[in-house]
Amino acid sequence: MKFSIILPVKNGGKLVKECVNSILSQSLQDFDLIVLDNCSVDGTLEWVQSLKDPHIKIIPSLKPLTIEENWGRIIDVEKNEFITLIGHDDILYPNFLSVIDALIKSHPNASLYHTHFNFIDANGNKIRPCRPMKPYMEGYEFLKEFLAISIDSMGTGYMMRSSDYDAAGGIPVKYPNLLFADFELWLNICLKNYKVVAPETCFAFRKHHSATGTAIDKDLHKALGIFVDFLLSLEQHDERARKIIDEFGVRFLLFQC
């Protein structure tokens, strides 16, 4: 198989059923679905097991893990040549893999592959499409667009080589609740070469409208500080990155604050 779709989950409820069904409905069936279950107690694991689908590989945790520890397991599992990560509440449209496959064939040297997408609400209703993205972005341009807040970048929808993911150390688990962790990962992999984006809309990212508590605020502050440290490190070792960060870093910080 060519692709691995990796789904870390704990107590996914009805949303994980939508997610898994959307994955299994891909028009291109050259994939496996690796489910990293984190001691779910709501029937998630039993439901996935009941599907008995040959695409599915289930790797349950032996003990309860933090979200960081569960996602951290991705680097250690056996994966196919290309991987994508998905949150249990997001959805792939049936054309996702077929569009990505065509993108890989037309741009074999790219390090990051993406498509356009929709934002949906907790009930699955469309909120808006993502902002238009350029079909080709060299790594430094991606860094600029990201810091300038001129593109929408989420944790779902990126395809990359397993070897690049592993070489980058996987998703950085130093971030509390993985806030900003995917940003660092995408930037590291994109700076390795370049990113290409298909014009088709191939997945949906679910936005939840919920109150933010004090503990979550502390996590956000800590995670942002860690990401700023990453940018400072990048700035110190890369002259081109330094110029971009100097020009757009303040805009990024003001937006986040």
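See the structure shown above.
The structure presented is a predicted model; accordingly, all values stated were derived computationally and were not measured.

Undergrad: Got a minute to help me understand the pattern of salt bridges in this structure?
TA: Side chains that carry opposite charge are capable of pairing whenever their charged atoms lie near each other. On inspection of all chains with the given rule, the structure shows 14 salt bridges. Linking D164 and K192 is a salt bridge whose minimum nitrogen-to-oxygen distance equals 3.7 Å. With D164 in helix 6 (residues 162–167) and K192 in helix 7 (residues 181–192), this pair connects stretches of sequence that are 28 residues apart. One network of salt bridges, in which partners are shared, links K2, D101 and K105.

Undergrad: Which parts of the structure should I look at to understand unusual backbone geometry?
TA: If a residue is not glycine, its phi is most likely negative; likewise, a peptide bond is most likely trans. Despite not being glycine, I149 shows a phi value in the positive range, around 55°. Relative to the assigned elements, I149 resides in the loop between helix 5 (139–147) and strand 9 (159–161). I149 sits in the buried class, given a relative accessible area of 18%. Although it is not a glycine, L178 sits at a positive phi angle of roughly 60°. Looking at the secondary structure, you find L178 in the loop between helix 6 and helix 7. You can call L178 buried: its relative accessible area is 11%.

Undergrad: Could you clarify how one ought to interpret the packing of aromatic side chains in this entry?
TA: Where two aromatic rings form a pair, the distance of their centres and the angle of their planes describe that pair. A full pass over the atoms with the stated rule returns 16 aromatic pairs. Ring geometry for F96 against F203: centres 6.2 Å apart, planes inclined by 90°, an arrangement best described as edge-to-face. Pair noted here: F96 is in helix 4 (residues 96–106) and F203 is in strand 10 (residues 194–206), with a separation of 107 residues, a long-range link. Assessed through its relative accessible area of 0%, F96 is described here as buried. Taking 6.1 Å as the distance between ring centres and 85° as the angle between the ring planes, the aromatic pair formed by F119 and F205 counts as edge-to-face. Linking F119 in strand 6 (residues 112–120) with F205 in strand 10, this pair joins segments that are 86 residues apart in sequence. Of the two residues, F119 and F205, both sit in the buried class. For K207, the ring lying beneath its charged end belongs to F119, and the centroid distance is 5.3 Å.

Undergrad: Would you mind showing me how to read the packing of helix 5 against helix 7 here?
TA: Each pair of packed helices can be summarised by the angle the axes make with each other and by the distance between the axes. Taken N-terminus to C-terminus, the directions of helix 5 and helix 7 make an angle of 150°; their axes are 8 Å apart at the nearest point. Here helix 7 runs roughly antiparallel to helix 5, going by the angle between their axes. Note that helix 5 runs across helix 7; the crossing there is left-handed. Packed against helix 5, whose contacting residues are G139, Y140, F142, L143 and F146, the element helix 7 presents F183, W186, L187, C190 and L191 at the interface. Residues that form the contact of helix 5 with helix 7 fall into these classes: 9 nonpolar, 1 polar and no charged.

Undergrad: Would you take a moment to explain the environment of Y194 for this structure?
TA: With respect to the secondary-structure elements, Y194 resides in strand 10. Owing to a relative accessible area of 13%, Y194 belongs among the buried residues under this scheme. Taking the C-alpha atoms as reference points, Y194 and Y136, 58 residues apart in sequence, are found 7.4 Å from one another. Excluding anything up to four places from it in sequence, Y194 contacts H107, N109, A110, S111, L112, Y136, M137, E138 and G139.

Undergrad: Explain the state of the cysteines to me, please; I cannot follow it from the model alone.
TA: Between two cysteines, a covalent bond joining their sulfur atoms is known as a disulfide. Taken as a whole and judged by the stated rule, the model has 0 disulfides. Not part of a disulfide, C130 finds its nearest cysteine sulfur in C202, a span of 10 Å. We note that C190 lacks a disulfide partner, and the nearest cysteine sulfur, in C130, lies 16 Å from it.

Undergrad: Mind showing me how you'd approach the pairing of strand 4 (residues 82–85) here?
TA: Along a regular strand, successive side chains alternate from one face of the sheet to the other. Side chains F82 and T84 project from strand 4 onto one buried face, and the interleaved I83 and L85 project onto a second face that is buried too. Sheet topology places strand 1 (residues 3–9) next to strand 4; 4 bridges connect them, and they run parallel. Bridging across to strand 4, F3 finds its partner in F82. The pairing of strand 4 with strand 9 spans 3 bridges and is classified as antiparallel. Looking at strand 9, one finds that T84 is bridged to M159.

Thresholds, definitions, all that
Residues numbered from 1 in each chain as written. Predicted model: local features only at pLDDT ≥ 70, side-chain atom pairs only at ≥ 80, totals over all residues. Heavy atoms only, no water. Salt bridge = Lys/Arg side-chain N within 4 Å of Asp/Glu carboxyl O. Helix = DSSP H or I, 4+ residues; strand = E, 2+ residues; numbered from the N terminus. Buried < 20%, exposed > 50% of the residue type's maximum accessible area, 1.4 Å probe, protein only. Phe/Tyr/Trp six-rings, centres within 6.5 Å; stacked < 30°, edge-to-face > 60°. Lys NZ or Arg CZ within 6 Å of the ring centre and 35° of its normal. Axes fitted to C-alpha atoms, helices over the stretch in contact; angles between N-to-C directions. Parallel < 35°, antiparallel > 145°, perpendicular 65-115°, else oblique. Left-handed = near helix turned anticlockwise from the far one by under 90°. Contact = heavy atoms within 4.5 Å. Nonpolar A, V, L, I, M, F, W, Y, C, P; charged D, E, K, R; others polar. Disulfide = S-S within 2.5 Å. Pairing = 2+ DSSP bridges.

These values are about where atoms sit, not about what they do.
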